[in-house]
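The primary structure of each chain is shown beneath.
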2 protein chains.
Amino acid sequence: MAGASVTPTPLLKDELDIVIPTIRNLDFLEMWRPFFQPYHLIIVQDGDPLKTINVPEGFDYELYNRNDINRILGPKASCISFKDSACRCFGYMVSKKKYIYTIDDDCFVAKDPSGKDINALEQHIKNLLCPSTPHFFNTLYDPYREGADFVRGYPFSMREGAATAVSHGLWLNIPDYDAPTQLVKPRERNTRYVDAVMTIPKGTLFPMCGMNLAFDRELIGPAMYFGLMGDGQPIGRYDDMWAGWCIKVICDHLGLGVKTGLPYIWHSKASNPFVNLKKEYKGIYWQEEIIPFFQSATLPKDCTSVQQCYLELSKQVKEKLSAVDPYFTKLADAMVTWIEAWDELNPTGEGLAKPSISNGPGK
Amino acid sequence: MAGASVTPTPLLKDELDIVIPTIRNLDFLEMWRPFFQPYHLIIVQDGDPLKTINVPEGFDYELYNRNDINRILGPKASCISFKDSACRCFGYMVSKKKYIYTIDDDCFVAKDPSGKDINALEQHIKNLLCPSTPHFFNTLYDPYREGADFVRGYPFSMREGAATAVSHGLWLNIPDYDAPTQLVKPRERNTRYVDAVMTIPKGTLFPMCGMNLAFDRELIGPAMYFGLMGDGQPIGRYDDMWAGWCIKVICDHLGLGVKTGLPYIWHSKASNPFVNLKKEYKGIYWQEEIIPFFQSATLPKDCTSVQQCYLELSKQVKEKLSAVDPYFTKLADAMVTWIEAWDELNPTGEGLAKPSISNGPGK
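Residues numbered from 1 in each chain as written. Chains lettered and ligands numbered in written order. Predicted model: local features only at pLDDT ≥ 70, side-chain atom pairs only at ≥ 80, totals over all residues. Heavy atoms only, no water.

Some points on the overall build of chain A
When its secondary structure is counted, chain A shows ten helices and nine strands. Taken over C-alpha atoms, the radius of gyration comes to 19 Å for chain A, in line with the 21 Å a tight globule of 363 residues would show. Principal-axis analysis of the C-alpha atoms gives chain A an extent of 50 × 50 × 50 Å. Taken over 363 residues, chain A has a buried fraction of 61%. Summarising the internal contacts of chain A: among those between residues at least 6 apart in sequence, 76% fall at separations of at least 24. Accessible surface computed for chain A: about 13,400 Å², of which carbon and sulfur atoms make up 54%. Charged side chains in chain A number 38 positive and 44 negative. The centres of these two groups are separated by 3 Å. (Helix = DSSP H or I, 4+ residues; strand = E, 2+ residues; numbered from the N terminus. Rg over C-alpha atoms; globule rule 2.2 N^0.38 Å. Buried < 20%, exposed > 50% of the residue type's maximum accessible area, 1.4 Å probe, protein only. Contact = heavy atoms within 4.5 Å. Areas by Shrake-Rupley, 256 points an atom, 1.4 Å probe, with all protein chains shown as cover. Lys, Arg positive; Asp, Glu negative; His and termini not counted. Charge placed at Lys NZ, Arg CZ, Asp CG, Glu CD.)

This is how it looks when you write it as structure tokens:
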């Protein structure tokens, strides 16, 4: 069973940061200790910067609160959300590693059907190191997985696949529902373990959840902006959705892959549906226009870097979505600020440099 | 567990035919008796028409051999393949029912992870009666299934889904591999039961296998042509692939859904890879041009019936694929003959009449 064993030497130990946005003590890390302890954590403290966040002993971490963000980014700190877990994307920006895994602090270790603890991080790493298949659908799911392959009729020229930029993991127990669905089905729990990883085909958008998400910073980092949410903004809970739409359009343009499926985490606590409704309600009707916008968005051929793609997308957002609400003008500007801040913290030639696209180890 | 229980009254008993192409006695039906016996079978006997095919007692069936096909279709019988399981599509044409399930005679009842026999037909019917979601990806798979729903960020305007035209089931034990993969991995068996049904997104092609396949004749029947294979033709084993490319382009155009995943059948016997290679090798290089052709194929807006779409597609095949091989000129002509024969056997006003598109019962 994939993702269910602890390897003796942790994969990518020095090439991956775990980013955790939080407002509370990080006791949840105790359960993750066997899997996370070898890795470096970047903790983004939201809310009151004077509050002390306790991190269990033995973890290697750096912690940023709002004062740190303001100090490091100066006026550009305006692009980082406050009082919303969207602030996590600051962690993506200050990381110097090739890979990021981000997880919410109400997510615990899930068990696979055999009862074994799922090493979510290990499965994400496998997903990222192994190619995706965005250009044709494989009916037996991930063709690179042991015991599987490409089925009859799958073009041989496409079997090398594409480099994987994003690995989107799922949730057992509390499913990631919107407020209306939470209200209608307060007791629904996700108990079905679907033993599959799949590539989301080119040209198809998906609702990306930030709860259990890994990505390759070099390939897609600058597009992984979680937008303007929370304090002073008209919406919340669309931070990961926004990032998901943007990264998918850009991955499709650049020929990169996005996977979803395994690994599962155990999502412990449903957030308050009434509070969520207040945060979401504008998004719920805005998305009816935003999604067609992203579905039809195309990027010019001369956009060859993620930054170029993202700036082009910000232009299109301003042009086409500002009519939906003035908020999108502000958001489009923040997208530009984000790229400026990203490039400032990640100058070319250091760290992120040029995207060195590779297909991973394959099979 | 979906698809694993026998309902007291069989679903759609009088609205579904089971189509089986064969050259041998149908002993395999014994294992399917609890699930298939209430339904009507259409057996398409391939090869020598003088051979007698034994059908186990108690099944309600009609059987057509080559002489019958020639008698019924006259000169138009040229569009029905001989000495290839592609002949099964004759059964789709003579059926008067709304739904078709087709299965190969080397496919047996599989067991779900709890050890229970899987009623494949019942799961296909559920798949067909329940909408698809081709326009946006749902990360928790089929949102209409019990215990699941649309996740946060899924546009509410798209939650009605689309009518489902095709349900593509999978195979445990012998996977549906091409000859090169069979040769390289002779011992690979599919042992993973993935407990999911998913919609193949709009704009994405897939390799459709005819081994375990159900569809709605009214919605897509006239496009379910399995092409010219076998005797006198330069290729084999691309019958279902051809149908899969055609139906997907047409379903996308007409706003219909195509699902894949559950149910599994137990595929008992790997076919001979050397024989398969001989049948497939032209297809293996032709598909490198055929698939881009179908990926970029678009149908004009005024094609509103399946027949119109299919005739338009036949024109494009002739125009664009004849350069690959003269075979495609012949195939394009056979596509036209197929539609003529279909319309002759299914005159408007009777049986198939106009497609009455509905979203099914929903949830």
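On we go from here.
Brief notes about the pattern of salt bridges
Residues and elements named next belong to chain A. The full count for this structure, using the stated rule, is 40 salt bridges over all chains. Ionic pairing is found between Arg24 and Asp105, a salt bridge with its closest N-O pair at 2.6 Å. Of the two residues, Arg24 is situated in the loop between β1 (16–22) and α1 (29–36) and Asp105 in the loop between β4 (99–103) and β5 (107–108); the sequence distance between them amounts to 81 residues. For Lys315, the salt bridge is made with Glu312, and the minimal N-O distance between the two is 3.8 Å. Highlighted residues: Lys315 and Glu312, both in helix α9 (residues 306–321), separated by three residues, approximately one helical turn. (Salt bridge = Lys/Arg side-chain N within 4 Å of Asp/Glu carboxyl O.)

Some words on the interface of chain B and chain A
Interface size, as often reported, equals the accessible area lost upon joining of the parts. Each partner contributes to the interface: chain B provides 61 residues, whereas chain A provides 61 residues. Roughly 5,100 Å² is buried in total at the junction of chain B and chain A, and carbon and sulfur atoms are behind 58% of that figure. Where chain B touches chain A, the interface holds 26 residue pairs in polar contact (both at pLDDT 80 or more). The element contributing the most residues to the side of chain B that touches chain A is helix α8 (residues 273–296) of chain B, with six residues. (Buried area = accessible area lost by both parts, 1.4 Å probe. Polar contact = N/O pair within 3.5 Å; in protein donor to acceptor, adjacent residues only side chain to side chain.)

Notes on the relation of the copies chain B and chain A
Between chain B and chain A, the superposition needs a rotation of 180° and an axial shift of 0.0 Å, giving an RMSD of 0.0 Å. Given the turn and translation reported, the copies of this chain are related as if by a two-fold rotation axis. Residues of chain B ranked by C-alpha distance from the rotation axis are headed by Val194 of chain B, positioned 2.8 Å from it. Looking at the interface residues of chain B, 100% of them are also at the interface in chain A, so both copies use one shared face. (Least-squares fit on C-alpha atoms with pLDDT ≥ 70 in both.)

Observations regarding the side chain of Gln316 of chain B
Examined against the element boundaries, Gln316 of chain B turns out to sit in helix α9 (residues 306–321). In contact with Gln316 of chain B, other than residues within four places in its own chain, are Phe293, Ala297, Thr298, Leu299 and Leu321 of chain B.

A short note on the UniProt feature "glycosylation site" (unreviewed entry) in chain A
Taken from the UniProt record, the annotation "glycosylation site" (unreviewed entry) applies to Arg152 of chain A. You can see Arg152 of chain A is positioned in the loop between α4 (120–129) and β6 (164–173). Each residue touching Arg152 of chain A, except ones within four places of it in the same chain, is listed here: Asp176, Tyr177, Asp178, Pro207, Cys209, Arg237, Asp240, Met241 and Glu280 of chain B. Within the structure, Arg152 of chain A has its side chain in polar contact with the backbone oxygen of Arg237 of chain B (distance 2.8 Å). (UniProt positions renumbered as here; feature names shortened; annotations may be inferred.)

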